[in-house]
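# Descriptive analysis of the structure
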Amino acid sequence: MNNIVLITGATSGFGKASAEKFAANGYDVIITGRRKERLDEIKNELSSRYKTKILALEFDVQDKQAVFNAIENIPEEWKKIDILINNAGLALGRDRFDEADLSDWETMINTNVHGLLYVSKAVLPYLIKQKKGHIINLGSTAGKEVYEKGNVYCASKFAVDAISQAMRIDLLQHKIKVTSINPGAAETEFSKVRFKGNEQQAAKIYEGYKPLIAKDVADVIYYCATLPPHVCINDLTLTSLSQANSFYLYKG
Ligand code: NDP
Ligand code: 8X3
């Protein structure tokens, strides 16, 4: 086996682009997500294009039992995971606090926070056993500054920020690196999901400037993951040239 990376949410956006980046550079890749056909397609595409192995695991990160079953049952040779990329996540709705939907809030917290915790807990014993490893968590500029109508999505990403800091402290003794990557606006399926399939509303988010694309984020993740063993990027925020932070976006 080559070095192994497990990527959650690899059926789209940053996760899919990262799967390609790591496969192209000789890693064996565990891709995960809920959409089975996409996982199958990506597995076939990457394993035919690159000389590397791909293992596809279908599970919902919100489902604690499914997460632990899937990770405990991976073939023995795949358990020597070197890098975990906690990327699966979503925003649902962009509404004022008083108008937002409670079930949207629950799904964001269950996915972005609980899901990340379940996957981390399930994978950690494999990293600890090897006395090395790297956990890369996808935060966001939304986890650095709260913006209007961002309420619980921002809260979930602030939680990711705190969890990354906590992991970094508690996992030092196991020689596990923890990196939090905080992208600004990037054109993926993120806004289509956020606006529940409303393509026009989604497209508007990226109008009038050049946003990040998935490959930009994958390249940064790969850079962080391939530094010398004694070097760890703890926290990295990246935006397009048009964006300063969560609320300053220059269109012109
Ligand atoms: P995409 O919507 O393109 O991809 C999201 C991925 O997450 C998909 O592969 C999806 O897979 C997976 N996913 C979502 N919910 C679940 C679930 N319950 N169980 C398992 N997998 C799930 O979005 P991005 O690539 O843009 O987003 C990736 C991460 O980056 C997210 O955490 C997001 O919050 C964060 N982010 C995004 C930014 C942006 O502007 N795009 C900026 C900053 C951070 P499937 O549907 O097959 O399950
Ligand atoms: C996604 C970036 O600005 O839509 O995390 O919250 S933003």
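Provided above is the structure to which this section pertains.
What you see is a predicted model; the values in this text were computed from it and never measured.

What counts, and where the lines are drawn
- Residues numbered from 1 in each chain as written.
- Chains lettered and ligands numbered in written order.
- Predicted model: local features only at pLDDT ≥ 70, side-chain atom pairs only at ≥ 80, totals over all residues.
- Heavy atoms only, no water.
- Salt bridge = Lys/Arg side-chain N within 4 Å of Asp/Glu carboxyl O.
- Helix = DSSP H or I, 4+ residues; strand = E, 2+ residues; numbered from the N terminus.
- Buried < 20%, exposed > 50% of the residue type's maximum accessible area, 1.4 Å probe, protein only.
- Near = heavy atom within 4 Å.
- Polar contact = N/O pair within 3.5 Å; in protein donor to acceptor, adjacent residues only side chain to side chain.
- Nonpolar A, V, L, I, M, F, W, Y, C, P; charged D, E, K, R; others polar.
- Areas by Shrake-Rupley, 256 points an atom, 1.4 Å probe, with all protein chains shown as cover.

### Topic: the pattern of salt bridges
Considering all chains together, one arrives at 13 salt bridges under this definition. One salt bridge in this structure joins K144 and D235, with 3.1 Å as the shortest N-O distance. Of this pair, K144 sits in the loop between β5 (133-138) and α5 (151-170) while D235 sits in strand β9 (residues 235-238), placing them 91 residues apart in sequence. Among the residues examined, K144 registers a relative accessible area of 30% and is labelled partly exposed. Across the pair K215 and D219 runs a salt bridge whose closest N-O atoms are separated by 2.8 Å. With K215 and D219 both in helix α8 (residues 214-225) and 4 residues apart, the pair spans about one turn of that helix. Take D219: its relative accessible area is 25%, and that puts it in the partly exposed class. Shared partners join several salt bridges into a network, and the residues in it are E20, E45 and R49.

### Some thoughts on the site of ligand 2
Looking at ligand 2, the residues that line it are S140, A142, Y147, Y153, F190 and R194. The contact in question runs from an oxygen atom of ligand 2 to an N or O atom on the side chain of Y153, over 2.6 Å. Here the residues of the shell around ligand 2 sort into 4 nonpolar, 1 polar and 1 charged.

### Looking at the site of ligand 1
Near ligand 1 you find 28 residues, and of these T11, S12, R34, Y153 and T188 are the closest. At 2.6 Å, a side-chain N or O of T188 approaches an oxygen atom of ligand 1. Protein contacts shield 96% of the accessible area of ligand 1, which totals 880 Å² for the unbound molecule. Those elements that place two or more of their residues in the shell around ligand 1 are α1 (13-24) and α5. Its residues placed into classes, the shell around ligand 1 shows 10 nonpolar, 13 polar and 5 charged.

### Looking at unusual backbone geometry
Glycine aside, the phi torsion of most residues is negative, and most peptide linkages are trans. Look at K131: it is not a glycine, yet its phi comes out positive at around 55 degrees. Within the secondary structure, K131 sits in the loop between α4 (102-130) and β5. In this structure K131 comes out as exposed when scored by relative accessible area, which is 62%. Within the chain, K149 stands out as a residue other than glycine whose phi angle is a positive 65 degrees. Along the polypeptide, K149 turns up in the loop between β5 and α5.

Keep in mind that these numbers describe shape and distance, not what the molecule does.
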